[in-house]
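Residues per chain, in single letters:
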Amino acid sequence: MAQRDVVFPAGRQALYERNRYSPAVRSNGFLFVSGQVGSREDGSPEPGLEAQVRRAFENLNAVLAAAGCGFDDVVDVTVFIVDPAEKFERIWAVVPEYWGEAPYPNITCVGVTWLYGFDFEIKVVAKLP
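As the structure is a computational prediction, the values presented were derived from the model and not from experiment. (Residues numbered from 1 in each chain as written. Predicted model: local features only at pLDDT ≥ 70, side-chain atom pairs only at ≥ 80, totals over all residues. Heavy atoms only, no water.)

It is worth spelling out the environment of Gly 111 at this point. Looking at the element boundaries, Gly 111 is found in strand 5 (residues 106-112). As a C-alpha pair, Gly 111 and Val 53 span 58 residues in sequence and 15 Å in three-dimensional space. If we skip the residues at most four places from it in the chain, Gly 111 touches Ile 81 and Pro 84. (Helix = DSSP H or I, 4+ residues; strand = E, 2+ residues; numbered from the N terminus. Contact = heavy atoms within 4.5 Å.)

All right, on to the sheet that holds strand 4 (residues 74-82) then. Spatially, the six strands line up as an open sheet ordered 1-2-3-6-4-5, and their pairing is mixed. In the strand order of this sheet, the two ends are held by strand 1 (5-7) and strand 5, each with one partner. When strand polarity is set aside, the average angle formed by the axes of neighbouring strands in this sheet is 15°. Packing against the sheet, helix 2 (residues 49-66) makes contact with strand 1, strand 2 (24-27), strand 3 (30-37), strand 4 and strand 6 (120-127), and its axis sits at approximately 155° to strand 3. (Pairing = 2+ DSSP bridges. Axes fitted to C-alpha atoms, helices over the stretch in contact; angles between N-to-C directions.)

The subject of this paragraph is the packing of aromatic side chains. Counted under the stated rule, the structure contains eight aromatic pairs. Look at Phe 57 and Phe 120: their rings are 6.1 Å apart centre to centre, the planes differ by 25°, and that puts the pair in the stacked class. You can see Phe 57 sitting in helix 2 and its partner Phe 120 sitting in strand 6, a full 63 residues away along the chain. For the pair formed by Phe 57 and Phe 120, the shared burial category is buried. Clustering of aromatic rings is evident, with ring pairs tying together Phe 57, Phe 71, Phe 88, Trp 92, Tyr 98, Trp 99 and Phe 120. (Phe/Tyr/Trp six-rings, centres within 6.5 Å; stacked < 30°, edge-to-face > 60°. Buried < 20%, exposed > 50% of the residue type's maximum accessible area, 1.4 Å probe, protein only.)

Core analysis: the largest hydrophobic core is formed by 29 residues, its most contacted members being Leu 31, Phe 57, Leu 64, Phe 120 and Ile 122. Counting residues per element, the ones that place at least two in this core are strand 3, helix 2, strand 4, helix 3 (84-94), helix 4 (96-99) and strand 6. The dominant element in this core, judged by the number of residues it contributes, is helix 2, at seven residues. Look past the residues within four positions of Ile 122 in its chain and what remains in contact with it is Ser 34, Gly 35, Gln 36, Ala 56, Phe 57, Leu 60, Val 77, Thr 78 and Val 79. (Core = buried A, V, L, I, M, F, W, Y, C linked by side-chain atoms within 4.5 Å.)

With 18 residues, helix 2 extends 26 Å between its outermost C-alpha atoms, agreeing within 8% with the 26 Å of an ideal straight helix rising 1.5 Å per residue. Along helix 2, the residues that are buried comprise Leu 49, Gln 52, Val 53, Arg 55, Ala 56, Phe 57, Asn 59, Leu 60, Val 63 and Leu 64. (Expected span 1.5 Å × (residues − 1).)

The structure is reproduced here in structure tokens:
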């Protein structure tokens, strides 16, 4: 089996090793990023919905930067939201701070009942420069 080309953002490797997954894997010109939540460096949730969404995007951007790309390189987005009927509008008010300009990536939004103590998760695929 070929070894995976794994990307680790600075300061987060212990968290990923403890939870036994890779933050991102490079493959065939793409970067496949694991779902990013609004976790602090110790893995605890950032308090407050909007702050948690911002932290999730900051964590995502750290992974993208570690691979030499940014959100403008993102082509596919999946977001998971606990109780989307209640939280979607508040979350989507924060998204433009990070989303960039058109043309936007495609997106799939999934409502879930549980995210390990978090309310929002974002997972992406980016084209490597």
